[in-house]
Amino acid sequence: MDLVVRGGTVVTAGSVQVADIGVENGMIAQVGGPMTAATEIDATGRFVLPGGVDGHVHLTPAGTGPHSWRWIDDFPAGTAAALAGGITTVGNMCHPGSGESVADAIARDVALGSATSRCDFFLHPVLMNPVPEEIDALESLVRNGHPSVKIFLSFRRFDHNVEGYLEAMRRVGAAGGLALLHCEDVAVMECCCGMLRAEGRTDARHFPEARPVAAERSATERAVTMGEVTGCPVYVVHLSSAEALDRCRAGQARGVAVHVETRPIYLFLTRERFDEQDGAKYAGAPPLRDPADVDALWAAIRQGTVATVATDHAPWALADKLDPSLDATSLRLGMAELETMLPMLWWAGVRTGRMSMSRFVEVTSTNPAKLFGLYPRKGTIAVGADADLVIWDDTATRRIDGSTMHSLAGWSPYDGWEVTGWPRTVITRGEIAVADGRVRNDAGWGRLAARTATEAL
Ligand SMILES: [Zn+2]
């Protein structure tokens with residue numbers, strides 16, 4: 001073997017066992033049994049997990065897209081944060097610039113990611129313009145290694161092109177792909193924003209009223225219906241509320257392929273944050289909700305209604321978030337999550353008994369790998385899989401401090417939180433990517449991950 005990880009407790013979605021792991025040519029060649037290697041890593045007393053697969057990030061090339069999408073992290077910064085936090089594969093949203101075709105945008109980001117990503121990556125083409133040529137191009141992308149499309153129900157152009165989006169979903173589903181749907185009803189939100197302006201209630205603390213649960217519930221119901229009638233499996237991104245969750249559960253109960261993602265802010269923060277002086281920094285879409293929503297999401301992770309937890313990593317410098325020219329109807333959305341998501345989920349989920357270690361692996365690695373067509377190369381520890389491994393230290397306690405982390409944002413919504421359970425060593429395709437807190441993979445180390453059709457869970 002090139003490398004043996006010795007004596008760790010190996011956790012997969014299906015099992016927990018003490019075993020040595022042998023790595024050859026970047027892949028797992030043996031699990032358990034006698035083996036020797038030139039390089040050995042002692043994992044005694046640690047857990048060994050498959051590397052995290054975060055299917056929802058926004059790492060942006062500078063200067064593309066409208067300003068509201070110009071998040072601060074590029075591939076080198078974002079993937080350094082990912083690796084430091086135990087995430088070894090990222091799925092980036094590929095937004096075409098104005099007038100750019102979906103195929104050109106994918107070609108651009110394949111080249112950019114290959115040149116600058118520190119870990120393996122894949123791309124979700126964002127369908128901005130569902131005209132016949134773009135739908136044809138999208139179907140071809142789905143059949144050729146990009147089996148997922150992102151559609152925003154939260155953009156005005158959605159309501160003007162519903163038939164085109166339905167046709168796109170029909171074709172994507174037939175080609176073996178998955179539709180990622182941002183579920184907030186644009187007309188409902190515009191109505192709410194208009195009323196807030198008319199009433200002079202545009203201070204940032206009114207942000208939850210600008211994008212209410214009603215907008216999410218309505219769009220989620222529509223998304224489930226769109227999946228039902230087109231036959232395209234649906235993946236609801238960043239679900240935040242119990243009411244929207246109920247709509248998904250009802251769809252699942254009648255056999256619709258509805259998969260639900262949530263993200264850390266909805267598991268750790270509630271809407272009172274917007275009453276704070278710098279509450280604007282917590283703005284994401286949808287907004288933070290109530291404690292009952294938080295409880296419903298944790299329960300749904302355990303019960304299976306929620307399939308994945310992803311970051312939606314979309315950070316800004318703090319000054320940009322707190323820009324005084326913005327109001328409740330125009331706040332900048334998103335924050336840095338890649339370095340903290342797995343430790344926080346482990347700390348608040350596994351260590352408290354809210355979820356098992358195997359369920360943790362399932363929602364952060366195995367399920368996204370299956371849904372995005374990466375499994376079993378990614379998402380598990382088994383012979384033939386890529387040797388993407390995280391040696392996890394269940395006893396390490398660290399105080400979160402965004403100013404010392406890898407995102408260019410320089411702050412974290414969880415600054416000051418003390419969290420127990422962090423990656424100790426991270427291995428990507430058999431090479432040590434993180435050791436002693438230092439990210440070793442150069443920009444450009446990562447490759448476009450090979451993908452096949454979406455796999456049912
Ligand atoms: Zn997103």
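Coordinates for the structure precede this section.
Residues numbered from 1 in each chain as written. Predicted model: local features only at pLDDT ≥ 70, side-chain atom pairs only at ≥ 80, totals over all residues. Heavy atoms only, no water.

**Student:** Could you clarify how one ought to interpret the layout of surface pockets in this entry?
**Tutor:** Where empty space is left can be seen by rolling a probe of water-molecule size over the atoms. There is about 370 Å³ of room inside the second largest pocket. Residue lining of the second largest pocket: 21 residues in total, with Arg398, Pro423, Arg424, Asp436 and Gly437 positioned closest to the centre. Within the residue set of the lining of the second largest pocket, elements represented by two or more residues are strand S16 (389-399), strand S17 (418-428) and strand S18 (431-435). Of the residues that constitute the lining of the second largest pocket, the class distribution is 10 nonpolar, four polar and seven charged. (1 Å grid on protein atoms, 1.4 Å probe; cavity = no way out; pocket = protein on both sides within 12 Å on 5 of 7 lines; lining within 4 Å. Points joined across faces, edges and corners; volume = space filled by probe spheres on them. Helix = DSSP H or I, 4+ residues; strand = E, 2+ residues; numbered from the N terminus. Nonpolar A, V, L, I, M, F, W, Y, C, P; charged D, E, K, R; others polar.)

**Student:** Teacher, can you tell me more about the sheet that holds strand S5 (residues 27-31) here?
**Tutor:** Two modes of strand pairing occur in sheets, parallel and antiparallel, and in both the strands are linked by backbone hydrogen bonds. The sheet built from four strands is open, its strands ordered S5-S4-S1-S6 with mixed pairing. Taken across any chain shown, the strands that pair with only one partner, and hence form the sheet edges, are S5 and strand S6 (39-42). Mean inter-strand twist for the sheet, computed between neighbouring axes without regard to direction, equals 25°. Sheet topology places strand S1 (residues 3-6) next to strand S4 (residues 21-24); three bridges connect them, and they run antiparallel. (Pairing = 2+ DSSP bridges. Axes fitted to C-alpha atoms, helices over the stretch in contact; angles between N-to-C directions.)

**Student:** What am I meant to see in unusual backbone geometry here?
**Tutor:** Excluding glycine, most residues fall at negative phi; most peptide bonds, likewise, are trans. Each neighbour pair has its own omega, and for Ala285 with Pro286 the value is -5°, a cis peptide bond. Structurally, Pro286 is set in the loop between helix H10 (264-268) and helix H11 (291-303). Phi at Asn25 is positive, roughly 50°, even though this residue is not glycine. Structurally, Asn25 is set in the loop between S4 and S5. In this structure, Asp436 is a non-glycine residue whose phi angle is positive, near 50°. Mapped onto the elements, Asp436 comes out in the loop between S18 and strand S19 (438-439). On the basis of relative accessibility, which here comes to 78%, the residue Asp436 falls in the exposed class. (Buried < 20%, exposed > 50% of the residue type's maximum accessible area, 1.4 Å probe, protein only.)

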